[in-house]
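So the chains spell out like this:
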Amino acid sequence: MIKADVVVIGGGPAGMSAAIAASDTGAQKIIIIERDKDLGGILQQCIHNGFGLHRFGEELTGPEYAERYKTFVKESNITVITDTMVTDLSDEKIVTCVNEKDGQFKIAPKSVVLAMGCRERPRGALNIPGERPAGVITAGTAQKFVNVKGYMPGKEIVILGSGDIGLIMARRMTLEGAKVKAVCEIMGDSGGLTRNIVQCLKDYDIPLRLRHTVTCIHGKKRVEGVTISQVDEMLQPIKGTEEYIACDTLMLSVGLIPENELSKKAGIIMDVKTKGPILDENKQTSLKGVFACGNVTKVHELVDFVSEEGQIAGRNAALYALGKPLIANNKANKHIEEKKGTSYLSSEENTVICTVCPVGCSICVIKDGDSYKTIGNNCPRGERYAIKELTTPERTLTSIMACDNGQMVPIKTDKPIPKDKIFECMREINEKALILPMTLGDIIISNIGETGANVVCTRTIK
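Rules used throughout
- Residues numbered from 1 in each chain as written.
- Predicted model: local features only at pLDDT ≥ 70, side-chain atom pairs only at ≥ 80, totals over all residues.
- Heavy atoms only, no water.
- Axes fitted to C-alpha atoms, helices over the stretch in contact; angles between N-to-C directions.
- Helix = DSSP H or I, 4+ residues; strand = E, 2+ residues; numbered from the N terminus.
- Left-handed = near helix turned anticlockwise from the far one by under 90°.
- Contact = heavy atoms within 4.5 Å.
- Nonpolar A, V, L, I, M, F, W, Y, C, P; charged D, E, K, R; others polar.
- Buried < 20%, exposed > 50% of the residue type's maximum accessible area, 1.4 Å probe, protein only.
- Disulfide = S-S within 2.5 Å.
- Pairing = 2+ DSSP bridges.
- Right-handed = clockwise from strand over helix to strand, strands pointing away.

Chemist: What should I look at first to understand the packing of helix 3 (residues 139-149) against helix 4 (residues 164-175) in this one?
Modeler: One way to put it is that helix 3 packs onto helix 4 with a least axis distance of 10 Å and a crossing angle of 35°. As for how helix 3 packs across helix 4, the hand of that crossing is left-handed. Packed against helix 3, whose contacting residues are Ala139, Gly140, Ala142, Gln143, Val146 and Asn147, the element helix 4 presents Ile165, Gly166, Ile168, Met169, Arg172 and Met173 at the interface. A class-by-class count of the residues in the contact of helix 3 with helix 4 yields seven nonpolar, four polar and one charged.

Here it is, written out as structure tokens:
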């Protein structure tokens with residue numbers, strides 16, 4: 001039986017943050033158990049930017065955010081066990097693990113932090129009529145196929161659900177040459193962040209069909225098309241509104257569920273609303289000495305908030321292990337939530353939705369002779385953004401590049417490039433192969449598309 005002060009189950013952003021906080025608080029033997037081959041969790045496949053604005057004051061991609069925390073872990077006294085599944089957590093805090101190298105083994109920690117994240121809601125939960133052909137895939141699985149494996153799941157796509165993963169994959173598939181024919185949303189408004197609606201759908205003229213759902217899947221061996229229908233106020237399909245869309249792939253982005261089988265096995269009391277454990281102000285569950293944080297408690301919008309929650313849980317797990325009083329989190333987390341939904345998108349040509357901060361101001365840009373003035377912005381940054389967005393819009397391009405051994409390397413431009421140059425730059429990226437090793441920040445292509453921007457690696461790969 002292995003002894004430890006704190007065991008963290010899950011090596012994603014919540015788990016790494018918790019382990020680092022536990023180390024900083026004074027816990028001596030801290031173990032992170034991760035089922036994947038490397039730390040980082042879902043961030044490894046989230047190659048897009050938009051992470052870290054709250055936590056680090058800069059915009060990072062998912063792999064860059066993960067690398068930042070992996071560096072902190074390496075600099076501490078934390079033991080990391082990867083390629084290992086936790087199969088059981090007893091009410092006495094005994095953690096049962098299994099891997100190929102060691103077989104089954106048990107760890108007896110003084111405290112535990114649950115940071116297993118969440119999983120996607122599967123197709124079976126939707127009860128969509130039709131056959132079960134190839135080509136029906138969840139958005140998260142598609143994201144892993146494209147961004148980590150380098151596989152394209154299809155060429156003509158219909159996406160069901162307009163959450164952020166669905167919106168981001170609509171853009172990602174478009175950049176890789178697929179045609180996204182529609183994003184269908186059963187509700188009257190999108191569940192995604194406004195900036196994702198702007199930069200993932202509006203930028204590429206991808207139609208968002210509100211109050212629509214998929215009512216039939218066509219095809220036997222492979223998806224050949226789907227029927228979509230309008231829904232009424234009770235979210236039931238309206239007869240006579242059926243519309244057939246030919247496609248080879250149906251991508252499901254219909255919600256996430258906290259991963260809590262271990263919590264339930266341990267007899268932890270669950271919250272019927274969030275589907276995660278009920279927590280006190282210290283992030284402690286109903287089982288004393290067991291703490292929880294991140295998407296295992298509820299699905300968070302931003303990874304920055306996940307890391308903040310991990311810090312609280314890890315600190316108190318260390319205090320519990322050391323026999324010291326817990327420090328209550330009495331501070332109200334006054335997070336400025338980013339705006340959601342299409343109601344913020346104006347059809348007026350001179351109106352811009354600002355995405356430089358979560359407030360999401362709707363800014364009207366008026367030409368005044370040779371200069372411009374703005375109405376509706378709350379800060380100078382918004383004014384600068386709105387004028388540039390209307391006159392010379394730019395985007396940071398994120399993608400992947402193939403190595404000589406077939407491995408995929410996440411990359412980005414080190415500064416925004418003109419929006420009308422994105423597909424030209426994608427073609428240049430796809431024509432080049434890399435040779436490992438690659439280090440975070442290495443320049444891969446200088447002055448891509450004569451934009452003045454360099455393409456850099458966003459993850460260290462040996």
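Past the structure itself, the notes keep going.
Chemist: What is the right way to read the environment of Ser371 from this model?
Modeler: Note on placement: Ser371 falls in strand 22 (residues 371-375). Exposure remark for Ser371: the relative accessible area of 38% places this residue in the partly exposed category. Separated by 16 residues in sequence, Ser371 and Ile387 have C-alpha atoms that sit 9.6 Å apart.

Chemist: Can you help me understand the state of the cysteines in this one?
Modeler: Disulfides are covalent bonds that connect the sulfur atoms of two cysteines. By the definition in use, this model includes zero disulfides. The structure places no disulfide on Cys184, whose sulfur is separated from the nearest cysteine sulfur, that of Cys247, by 9.5 Å. Between Cys457, a cysteine without a disulfide, and Cys403, which holds the nearest cysteine sulfur, the sulfur-to-sulfur distance is 8.1 Å. By relative accessible area, Cys457 is classed as buried at 0%.

Chemist: Which parts of the structure should I look at to understand the pairing of strand 25 (residues 408-413)?
Modeler: Both faces of the sheet carry side chains from a regular strand, because those side chains alternate between them. Extensive coverage of strand 25 is indicated by the burial of six of its six residues. Counted along the chain from strand 24 (residues 398-402) to the antiparallel partner strand 25, the turn is five residues long, and its residue Gly406 has a positive phi close to 90°. Of the pairings in the sheet, the one linking strand 25 to strand 28 (residues 455-457) comprises three bridges and is antiparallel in character. Looking across to strand 28, one finds that Lys412 is bridged to Val456.

Chemist: Would you mind going over the pairing of strand 12 (residues 179-185) with me for this structure?
Modeler: The element strand 12 is largely enclosed, with a buried count of five among its seven residues. Note that strand 11 (residues 156-160) and strand 12 share five bridges and pair parallel. Among the inter-strand pairings, Leu160 is bridged to a residue of strand 12, identified as Cys184. After leaving strand 11, the chain enters helix 4 and then returns to the sheet as strand 12, a path that is right-handed. Where strand 12 and strand 13 (residues 208-210) come together, three bridges link them in parallel fashion. Bridge pairing in strand 13 places Glu185 opposite Leu210. What joins strand 12 to strand 13 is helix 5 (residues 194-201), and the crossover it makes is right-handed.

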